Amino acid sequence: MLVIKGGHVVGVGVADVLISDGAIAGVGSFSGDSVIDASGLVVLPGFVDTHRHLVQAPMRGTGADLTLGAFLADVLPRMASLSPDDVRAAVLLGAVEALNAGVTTVVDWGHFGAASVEVEALVESGIRAVLGVGVDEAGGFSPAGLVTGAVASFGPSLPLEDNARDIEVARGLGLPTTMHVTSAGPVARLYDAGLLGPDLHFVHGNVCADDELKMLADAGCGLTVTPAVESMMGHGPAVYGRFLAAGGAPALGVDVVINSSADMFEQMRAALWLERLRGAELEAGSLLRAASADGARAIGLGAVTGSLEVGRRADVVLLSGFGHLSSEMVAGGIVATGGVGDVHTVLVDGRVVKRGGELVDHDLAGLRAAVAGVARQVLG
Ligand SMILES: [Zn+2]
């Protein structure tokens, strides 16, 4: 039994969190064999990043002025030349970078053809992950540790029959399907074909019509907004508020660190800023739910992670710097002003991966140094 003692649990107030066999066993008043002193700290569920291309971690900052079109045409094809060792090191760096930022679950859009080394890297990192693999690899995919699979379909920009095939393969294997949607029309075609369902997860959707967003919401599909990258690369206004208005519960993703930071604080804030810029009323603290419980639900992990309810796996983050805030203010305060520097302690599946501001198992600077040549290689 592990007890996180005396922290300010978001939504509850000062309380202890009891962890047993890697799961949340209670929120209240407890004693245990092993105690993490959380006095002065805020306790919340680990962040759930529902869309990231971890393999691009070594490319951090290289796309500050890149449009999506230029990236797809000029940079992405060159990444195909990465060796399995490069992919392993890149994914490990990306996953550890995420953990350091309090991201305990990530949906990683995989580097096609490299699923086995990616699984190794994800397991080594200690993060909980859903790895999106190409449809041709999906049949041979084996879950390992905290890593499960999804089919990463290139649709719905694919012809409908290709999308339908990918979705059918995924359903046959019992896997979710994750896909980018960057044009209007494909969602309506999937709807007309009767293919939408809660096992489908879409990303971006900036140009989706309102009725398409309602189709997604009504069918229980997940939708992830990546507001920083979408703003940087010309996707168009983020769909966060429109999906809420359609009855959906948007999730949030970092997407790529070529032009976005590796944490969910930036994503929560970017979504909030964009909504307030267009005059929408949106409570700042509500973004925390998008970055945890709603994210978990969007990718089919709602019963596993994303909240501190009894029975969920113990994916937990402790933040410093917010101990002065009241229960009413703390969620909004974190969204408006939080950062990676506030991430004090991180647990995944009940295991401490960051303690007192330091990663337990990994050296982030060393991992970054190990892939220093990758960006140069890709950029030529
Ligand atoms: Zn993407």
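In the nomenclature of an unreviewed UniProt entry, the protein is known as Cytosine/adenosine deaminase-related metal-dependent hydrolase of Kutzneria buriramensis.

**Student:** Help me understand helix α3 (residues 115-125), please; the structure alone is not making it clear to me.
**Tutor:** In an α-helix there are 3.6 residues to a turn, and that puts residues three or four apart on one side. Every buried residue of α3 is accounted for by Ala115, Val117, Glu118, Val119, Ala121, Leu122 and Ser125. Of the surrounding secondary structure, the elements contacted by the buried residues of α3 are α2 (84-100), β7 (103-109), β8 (128-133), α4 (135-138) and β9 (147-153). Immediately beyond the C-terminal end of α3, within one or two residues, lies Gly126, with a positive phi of roughly 95°.

**Student:** Help me out: how do you make sense of the coordination of the zinc ion in this one?
**Tutor:** When a metal holds four donors in a tetrahedron, each ideal angle between them is 109.5 degrees; when it holds six in an octahedron, the ideal angles are 90 or 180 degrees. Coordination sphere of the zinc ion, protein contribution only: His51 (NE2), His53 (NE2) and His180 (NE2), at 2.0 to 2.2 Å. Taking the relative accessible area as the measure of exposure, His180 reaches 18% and is therefore buried.

**Student:** Sorry, what's going on with the confidence of the model for the protein here?
**Tutor:** Detailed reading of the predicted model is not advised wherever pLDDT is low. Per-chain confidence: the protein averages 95 in pLDDT, with 99% of residues scoring 70 or above. When the elements of the protein are averaged for pLDDT, helix α1 (residues 68-79) gives the smallest value, 85, and strand β15 (residues 343-348) the largest, 99.

**Student:** What is the right way to look at the domain arrangement of the protein in this model?
**Tutor:** Interface size is often expressed as the accessible area that is lost when the parts come together. As assigned here, the protein comprises domain 1 (2-45 + 314-359) and domain 2 (47-301). Centre-to-centre separation of domain 1 and domain 2, based on C-alpha positions: 27 Å. Counting each side, the surface lost to burial between domain 1 and domain 2 is near 1800 Å², with a carbon and sulfur contribution of 70%. Counting the contacts that link domain 1 with domain 2 gives two salt bridges. Applying the counting rule to domain 1 against domain 2 returns six residue pairs in polar contact (both at pLDDT 80 or more). Going through the elements one at a time, β5 (42-45), β14 (316-319), α13 (330-337), β15 and β16 (351-355) are the ones with two or more residues in the side of domain 1 that touches domain 2. Per element, the largest residue contribution to the side of domain 1 that touches domain 2 is six residues, and it comes from α13. Along the lines of polarity and charge, the residues of the side of domain 1 that touches domain 2 split into 17 nonpolar, four polar and four charged.

**Student:** Help me understand the UniProt feature "domain: Amidohydrolase-related" (unreviewed entry) in the protein in this model?
**Tutor:** Summarizing the sequence annotation, UniProt attributes the feature "domain: Amidohydrolase-related" (unreviewed entry) to residues 42-132 and 182-353 in the numbering used throughout. Its end C-alpha atoms 32 Å apart, residues 42-132 is made of 44% helix and 24% strand. Helix makes up 36% of residues 182-353 and strand 14%, and the two end C-alpha atoms of the span are 36 Å apart.

**Student:** Can you help me understand the packing of aromatic side chains in this one?
**Tutor:** One pair of aromatic rings is described through two measures. These are the centre distance and the angle between the planes. Taken as a whole and judged by the stated rule, the model has four aromatic pairs. Centroid distance Phe47 to Phe265: 5.3 Å. Interplanar angle 75°. Geometry classified as edge-to-face. Within this pair, whereas Phe47 is found in strand β6 (residues 47-52), its partner Phe265 is found in helix α10 (residues 264-277), the two being separated by 218 residues in sequence. Accessibility assignment for this pair places Phe47 and Phe265 in one class, buried. Aromatic pair Phe112 and Phe154: ring centres 5.3 Å apart, planes at 65°, arrangement edge-to-face. Taken together, the residues Phe112 in the loop between β7 and α3 and Phe154 in the loop between β9 and α5 (160-173) connect sequence positions 42 residues apart.

So, how was this worked out
- Think of each chain on its own: its residues are numbered from 1, step by step along the sequence as written.
- Where local features are concerned, this predicted model is filtered to residues with pLDDT of at least 70; where side-chain atom pairs are given and counted, the filter is 80 or more; whole-chain, interface and lining totals use all residues.
- The basis for the side-chain values is all heavy atoms of the structure; hydrogens and waters are excluded.
- Buried, partly exposed and exposed residues are distinguished by accessible area as a fraction of the type maximum, computed with a 1.4 Å probe on protein chains only: under 20%, between the cut-offs, and over 50%, respectively.
- Here a helix means four or more residues in a row that DSSP labels H or I, a strand means two or more in a row labelled E, and each is numbered from the N terminus.
- We call two residues contacting when some pair of their heavy atoms lies within 4.5 Å.
- Each metal site lists N, O and S donors within 2.8 Å (3.2 Å for Na, K and Ca). With water left out of the atoms, a site can look as if it is missing ligands.
- In predicted models, pLDDT denotes the confidence assigned by the predictor to each residue on a 0 to 100 scale.
- Here the limits of each domain have been adopted from an automatic or database domain assignment.
- A simple way to read buried area is as the amount of 1.4 Å-probe accessible surface that goes missing from two parts once joined, with both sides added.
- Salt bridges are counted wherever a side-chain nitrogen of Lys or Arg sits within 4 Å of a carboxyl oxygen of Asp or Glu.
- Polar contacts, as counted here, are pairs of nitrogen or oxygen atoms within 3.5 Å of one another; within protein the pair requires one atom able to donate a hydrogen and one able to accept it, and residues that are adjacent in sequence qualify only if both atoms are side-chain atoms.
- Note on residue classes: Ala, Val, Leu, Ile, Met, Phe, Trp, Tyr, Cys and Pro are nonpolar, Asp, Glu, Lys and Arg are charged, and everything else, Gly too, is polar.
- UniProt positions are given in the numbering used here, feature names are shortened, and annotations may be inferred rather than shown by experiment.
- Aromatic pairs are defined between Phe, Tyr and Trp rings, using the six-membered ring for Trp, whenever the two ring centres lie within 6.5 Å; interplanar angles under 30 degrees are classed as stacked, those over 60 as edge-to-face, and all others as tilted.

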